[in-house]
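# Breakdown of the fold
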Amino acid sequence: MSTAEVRAFGLARVGFPLGLFSHACFIPLFWYLDQPVMAIFNIASVALLIWGVRAAWTLGDIKWPTLLTFVVEIPLHAVLCTYYMGLPPFFIGYILFPILLFPLIPYYSATTRLLLSLGNGLVFVACGAMAIMSEPARPLTDGWNIFFFFFNAGPIIPFLGLFTAIYANAATTAEEKLEREYERSERLLLNILPEPIATRLKDRPHLIADEYPSVSVLFADIVDFTRTSEALSPPELVRALNRAFTRFDELVEKHGCEKIKTIGDAYMVVSGLPEPREDHADAMVALALDMIDAAEEINASSDFPFTMRIGINSGPVVAGVIGERKFAYDLWGDTVNVASRMESHSKPGVIQISEATRAQLGKPVRVDPLGDMEIKGKGLMRTYAVSRAG
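Residues numbered from 1 in each chain as written. Predicted model: local features only at pLDDT ≥ 70, side-chain atom pairs only at ≥ 80, totals over all residues. Heavy atoms only, no water.

### Some remarks on a nonpolar patch on the surface
On the surface, Trp51, Trp64, Leu68, Val71, Val72 and Leu76 cluster together to form a nonpolar patch covering roughly 530 Å² of accessible area. A per-element tally of the nonpolar patch places helix α3 (residues 63-85) first, with five residues. A residue is classified by how much of its surface remains accessible, and Val72, at 42% relative accessible area, is partly exposed. (Patch = residues over 30% accessible without salt bridge, like charges linked within 9 Å, V, L, I, M, F, W, Y side chains within 5 Å. Areas by Shrake-Rupley, 256 points an atom, 1.4 Å probe, with all protein chains shown as cover. Salt bridge = Lys/Arg side-chain N within 4 Å of Asp/Glu carboxyl O. Helix = DSSP H or I, 4+ residues; strand = E, 2+ residues; numbered from the N terminus. Buried < 20%, exposed > 50% of the residue type's maximum accessible area, 1.4 Å probe, protein only.)

Have a look at this one:
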């Protein structure tokens, strides 16, 4: 059962018994006050309300008793009472119930509920106009007018306050839920895309492809991952990787870099986009050094000993978002390919950088030449190993 249906049954379990009580009380009063039409009408109303009470408390079909009560019984009751007794007894006030309750009924479209509510509003206005323009057919004495006014206004006024509270609570709950879902969606989106890219994508969904003339790209990989992971169960393996990569994520944020993705046990990061920075190579090397230290710390406190192999290259790239479903922010270009080769041709525990990255370094680090290396698709390339200075 939906939340709207639960609310409808809750209102029915209160409204139908109260309506049954009031209409049952009206029957002898109307006979005594020489209002036979209203007495007979209330007998029929009691039968309808008994049907509604039974449906509400047995979780039956309350759609039809509710519709007949709001569309036929209440408006017609108000019209007849106003015609025979005028405005002072305040029977017209009962029309406020369907006006306020129709929007809470879940069985019709929003447009239908609005039209039904407006229809009862027109009946309310018509009753008032009829009472003002003509004398009541069977007027009551002043004493009985006062009695009925308080008998009718007594429950109507508190219920108006109750309905206002229900609407206010529903609006507040919906707004709070919407805000929570929006914040959750924002967090999820920012976990996938850099904030500037996420903002652009929300403002104008379209293909995003930006050229960056100078960035640094890092690839990190766990050496002999398949062999090392054979000693762990699948849950243990996932927990170990999650621990390592979560630590790396913290370091990426610390150094102001941007994580691009993980592929199995491989980790890809870029520095210098989407916000350009001149020290992108320094930031990337500092990150790589911290990643090596973090790996050693994790090795000392877990059953998953592993060694990192890291490669870095610098140069121009194209970055953007492709696709419309399960999209991701990614990099393309020769710089990315060379960075991947730097990693795959590196040695365990070594951070291997290209000549292009070495030329970008400004902060003091130890740079050891590794000589010329045959890189697939590139030929001979001069590479270096970096470590902490001093």
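### Quick look at the packing of aromatic side chains
Centre distance and the angle of the planes are the two values used to describe a pair of aromatic rings. All told, the structure shown has 19 aromatic pairs when counted by the stated rule. Between Trp144 and Phe148, the aromatic rings sit 6.1 Å apart at their centres with planes inclined by 40 degrees, giving tilted as the arrangement. Remark: Phe148 and Trp144 occur in helix α6 (residues 142-192); sequence separation between them is four residues, near one turn of the helix. Exposure remark for Trp144: the relative accessible area of 25% places this residue in the partly exposed category. Through pairs of rings, three or more aromatic residues link up here, namely Phe26, Phe30, Tyr32, Phe91, Trp144, Phe147, Phe148 and Phe151. The ring of Trp57 has Arg13 sitting right over it, with the charged end atom 4.5 Å from the ring centre. (Phe/Tyr/Trp six-rings, centres within 6.5 Å; stacked < 30°, edge-to-face > 60°. Lys NZ or Arg CZ within 6 Å of the ring centre and 35° of its normal.)

### Quick look at the pairing of strand β1 (residues 208-222)
One face of the sheet, then the other: side chains in a regular strand alternate in exactly this way. Taken across its 15 residues, β1 has eleven buried, putting it largely inside the fold. Pairing between β1 and strand β4 (residues 308-322): 13 bridges, direction antiparallel. Bridging from a neighbouring strand, Val215 pairs with Gly315 of β4. In terms of strand pairing, β1 meets strand β3 (residues 266-271) through six bridges, oriented antiparallel. Its bridge partner lying in β3, Ser216 is registered against Ser271. (Pairing = 2+ DSSP bridges.)

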